[in-house]
Amino acid sequence: DAMVIQNPRYQVTQFGKPVTLSCSQTLNHNVMYWYQQKSSQAPKLLFHYYDKDFNNEADTPDNFQSRRPNTSFCFLDIRSPGLGDAAMYLCATSEVHQPQHFGDGTRLSIL
Amino acid sequence: AQSVTQLDSHVSVSEGTPVLLRCNYSSSYSPSLFWYVQHPNKGLQLLLKYTSAATLVKGINGFEAEFKKSETSFHLTKPSAHMSDAAEYFCVVRPNTGGFKTIFGAGTRLFVKA
């Protein structure tokens, strides 16, 4: 009954090699979010989509991009990963003004 | 300005004893408040939410929280800790301004001793 599904759970990439993380949902929620969470820290919002409307946080690096081809799927693209981008990446969904539902995350390692 | 302060970075209790995780917030607007739990290598799971209805909110797994406007607090409690409660807990504020911004506290790590 997984509702927010993130693939893969663990991703290893090389320094500077583009990587894509994926998120899908079965909840049909309007809003999808991407968070970055580093060890022992709170999640940090990178951006969100309200339907097709993309909203970038002011301090999200240009290295991070996102795509939402349809309601169910959302992708996080990291164009040139640096060592500082190693983290857990969490996808979440919600209806407007409702609590967020989180996936189990993708742990990204950079070699 | 909006902010969330979780007053303890770590809390340690013995199994079967009460749990208290403290959260204070600051919000210019009437907020919605949430508590989430995160187990290792997992996403965040919603425990409970306050959205301007009853001030005492009951959640899953025996947790509850009380919204106290005069104290700007939303502390999380449980009468009797279980080993499976050991996790990271986040207090989250969403100002009801019509946007999507949510503000996370820094988190409280709960340890439960046998």
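**Quick notes on the interface of chain B and chain A**
One frequently used descriptor of interface size is the decrease in accessible area upon assembly of the parts. With 19 residues of chain B at the contact, the number on the chain A side is 23 residues. Regarding the contact of chain B and chain A, the summed buried area is about 1700 Å², with carbon and sulfur atoms giving 53% of it. Ranking the residues of chain B by area buried against chain A places B:Asn41, B:Phe100 and B:Phe104 at the top, with a combined share of 37%. Measuring nitrogen to oxygen at the nearest pair gives 3.6 Å for the salt bridge that ties B:Lys42 to A:Asp104.

**A short note on the sheet that holds strand β1 (residues 4-7) of chain A**
Residues and elements named next belong to chain A. Spatial strand order, β1-β3-β8-β7: 4 strands in an open sheet with antiparallel pairing. Single-partner strands in this sheet number two, and they are β1 and β7 (64-67). Across the sheet, the mean angle separating the axes of adjacent strands is 20° when strand polarity is ignored. Sheet topology places strand β3 (residues 19-25) next to strand β8 (residues 73-78); 6 bridges connect them, and they run antiparallel. Across the sheet, the residue bridging to Ser-22 is Phe-75, located in β8.

**Examining the packing of aromatic side chains**
Tallied over the entire structure, the rule returns 14 aromatic pairs over all chains. Between the aromatic rings of B:Tyr50 and B:Phe74, the centroid separation amounts to 6.4 Å while the plane-to-plane angle is 50°, which identifies the pairing as tilted. With B:Tyr50 in strand β6 (residues 44-50) and B:Phe74 in strand β9 (residues 73-78), this residue pair connects regions lying 24 residues apart in the sequence. Seen in terms of ring centroids, B:Phe63 and B:Tyr89 are 5.6 Å apart; in terms of plane orientation they differ by 50°. Their pairing is tilted. With B:Phe63 in the loop between β7 (56-58) and β8 (64-68) and B:Tyr89 in strand β10 (residues 87-95), the pair connects residues that are 26 residues apart, well separated along the chain. For the pair formed by B:Phe63 and B:Tyr89, the shared burial category is buried. Put simply, the rings of A:Tyr33, A:Tyr35, A:Phe102, B:Phe34, B:Tyr36, B:Phe90 and B:Phe104 pair up and form one aromatic cluster.

**Looking at unusual backbone geometry**
Residue A:Pro8 follows A:Asn7 across a cis peptide bond; omega there is -15°. Among the structural elements, A:Pro8 can be located in the loop between β1 and β2 (10-13). Here A:Ser40, not a glycine, exhibits a phi torsion of approximately 60°, which is positive. Looking at the element boundaries, A:Ser40 is found in the loop between β4 (31-37) and β5 (44-50). Residues other than glycine seldom take positive phi values, yet B:Asn41 does so here, at roughly 60°. Position of B:Asn41 relative to the elements: it lies in the loop between β5 (31-38) and β6.

About the criteria used
Residues numbered from 1 in each chain as written. Chains lettered and ligands numbered in written order. Predicted model: local features only at pLDDT ≥ 70, side-chain atom pairs only at ≥ 80, totals over all residues. Heavy atoms only, no water. Contact = heavy atoms within 4.5 Å. Buried area = accessible area lost by both parts, 1.4 Å probe. Salt bridge = Lys/Arg side-chain N within 4 Å of Asp/Glu carboxyl O. Pairing = 2+ DSSP bridges. Helix = DSSP H or I, 4+ residues; strand = E, 2+ residues; numbered from the N terminus. Axes fitted to C-alpha atoms, helices over the stretch in contact; angles between N-to-C directions. Phe/Tyr/Trp six-rings, centres within 6.5 Å; stacked < 30°, edge-to-face > 60°. Buried < 20%, exposed > 50% of the residue type's maximum accessible area, 1.4 Å probe, protein only.

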